[in-house]
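Observations on chain architecture
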Amino acid sequence: QVQLVESGGGLVQAGGSLRLSCAASGRTFSMYAMGWFRQPPGKEREFVAAITSSGGRTYYTMSVKGRFTISRDNAKNTVYLQMNSLKPEDTAVYYCAASEEPIAIRQNEYAYWGQGTQVTVSS
């Protein structure tokens with residue numbers, strides 16, 4: 001069992017930056033691949049980024065490549081999402097999730113989810 005708690009969301013102007021954090025507790029954090037997903041208002045939840053358990057590989061959805069960076073600190077049991085050059089279309093509730101797969105981009109590959117943190121980007 002893994003418990004995940006996101007933080008760092010908020011209101012930011014277009015072009016600004018935010019860093020989301022996801023703190024994990026429970027079973028060994030370094031065993032899990034981690035991912036970030038988001039759910040824009042009125043839309044389905046979608047994949048944003050993923051990172052392997054060691055942090056050696058990362059994956060991004062096309063719309064955030066070059067702007068967002070996923071990273072992890074296994075010593076601190078935390079995964080991060082650095083978001084730069086934010087756009088109004090990045091407005092969403094952002095969720096972190098943990099997977100027992102080596103890497104995962106599909107929601108059904110993730111067994112554990114946080115409660116989400118709101119990111120709002122104003123134009």
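To be clear, the structure that these remarks concern was listed above.
This is a predicted model, so every value here is computed, not measured. (Residues numbered from 1 in each chain as written. Predicted model: local features only at pLDDT ≥ 70, side-chain atom pairs only at ≥ 80, totals over all residues. Heavy atoms only, no water.)

As for the environment of Ile105
You can see Ile105 is positioned in the loop between strand E9 (92–99) and strand E10 (112–113). By relative accessible area, which is 44% here, Ile105 ends up partly exposed. Separated by 84 residues in sequence, Ile105 and Ser21 have C-alpha atoms that sit 19 Å apart. Each residue touching Ile105, except ones within four places of it in the same chain, is listed here: Phe37, Phe47, Tyr59 and Tyr110. (Helix = DSSP H or I, 4+ residues; strand = E, 2+ residues; numbered from the N terminus. Buried < 20%, exposed > 50% of the residue type's maximum accessible area, 1.4 Å probe, protein only. Contact = heavy atoms within 4.5 Å.)

What about the packing of aromatic side chains?
On inspection of all chains with the given rule, the structure shows five aromatic pairs. Measuring from centroid to centroid gives 5.7 Å for Phe37 and Phe47, while their planes differ by 75°, and the two rings are edge-to-face. Of this pair, Phe37 sits in strand E4 (residues 33–39) while Phe47 sits in strand E5 (residues 46–51), and the two are 10 residues apart along the sequence. An identical accessibility class is assigned to Phe37 and Phe47; each is buried. Seen from the ring of Trp113, Arg45 lies directly overhead, with NZ or CZ sitting 3.8 Å from the centre. The residue whose ring lies beneath Arg72 is Phe29, and the NZ or CZ to ring-centre distance is 4.4 Å. (Phe/Tyr/Trp six-rings, centres within 6.5 Å; stacked < 30°, edge-to-face > 60°. Lys NZ or Arg CZ within 6 Å of the ring centre and 35° of its normal.)

Brief notes about the pattern of salt bridges
All told, the structure shown has four salt bridges when counted by the stated rule. Among the ionic pairs, Arg38 bridges to Asp90, the shortest N-O distance being 2.9 Å. Here Arg38, found in strand E4, pairs with Asp90, found in the loop between strand E8 (78–83) and E9; they are 52 residues apart in sequence, far enough to count as distant. What makes Arg38 buried here is its relative accessible area of 3%. Counted as one network, the salt bridges with shared partners bring together Arg38, Glu46, Arg67 and Asp90. (Salt bridge = Lys/Arg side-chain N within 4 Å of Asp/Glu carboxyl O.)

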